[in-house]
Amino acid sequence: MNKVIVYSADWCGYCHALMDWLTDSGIAYEEKNGEKESWITGYPTTEIVNQDGKRLALIEGFDRQKILAAIKGPDAKK
């Protein structure tokens, strides 16, 4: 399964909503402080990487459909 990394900020309500949704959906994720990353331009930012560490997707904002599609990957059955 692909790895989910959420770059968040403590003050970001959408970040907390995203992480709550991931938890409620049974999707494991790693949280990182986005305020320590100069390349983050919006919150939340979700990065999906494969087992080899290759980035598959970088999604800014709380977009359930895009996040689920990226987690499942292009070979997932619909």
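The rules we used
- Residues numbered from 1 in each chain as written.
- Predicted model: local features only at pLDDT ≥ 70, side-chain atom pairs only at ≥ 80, totals over all residues.
- Heavy atoms only, no water.
- Phe/Tyr/Trp six-rings, centres within 6.5 Å; stacked < 30°, edge-to-face > 60°.
- Helix = DSSP H or I, 4+ residues; strand = E, 2+ residues; numbered from the N terminus.
- Buried < 20%, exposed > 50% of the residue type's maximum accessible area, 1.4 Å probe, protein only.
- Lys NZ or Arg CZ within 6 Å of the ring centre and 35° of its normal.
- Core = buried A, V, L, I, M, F, W, Y, C linked by side-chain atoms within 4.5 Å.
- Contact = heavy atoms within 4.5 Å.

Chemist: Which residues make up the packing of aromatic side chains, and what values go with them?
Modeler: Per the stated rule, a full pass over the model turns up three aromatic pairs. Both rings, one in tyrosine 7 and one in tryptophan 39, keep their centres 5.1 Å apart while their planes meet at 75°; by these two values the pair is edge-to-face. Placement of the pair is tyrosine 7 in strand β1 (residues 3-8) and tryptophan 39 in the loop between β2 (30-33) and β3 (45-49), with a sequence separation of 32 residues. Judged by its relative accessible area of 35%, tryptophan 39 falls in the partly exposed class. Measuring from ring centre to ring centre gives 5.8 Å for tryptophan 21 and phenylalanine 62, while their planes differ by 50°; the resulting arrangement is tilted. With tryptophan 21 in helix α1 (residues 13-24) and phenylalanine 62 in the loop between β4 (55-60) and α2 (64-72), this residue pair connects regions lying 41 residues apart in the sequence. Lying over the aromatic face of tryptophan 39, arginine 55 brings its terminal NZ or CZ to 5.4 Å of the ring centre.

Chemist: How would you explain the nonpolar core if you had to name every residue and give the values?
Modeler: Residues Val4, Val6, Leu18, Leu22, Ile48, Ile67 and Ile71 are the most contacted members of the largest nonpolar core, which totals 16 residues. Contributions of two or more residues to this core are made by β1, α1, β4 and α2. For this core, the leading source of residues is α1, giving five residues. Once residues lying within four places of it in the same chain are set aside, the contact partners of valine 4 are Leu22, Ile27, Ala28, Tyr29, Glu30, Thr46, Glu47, Ile48 and Ile71.

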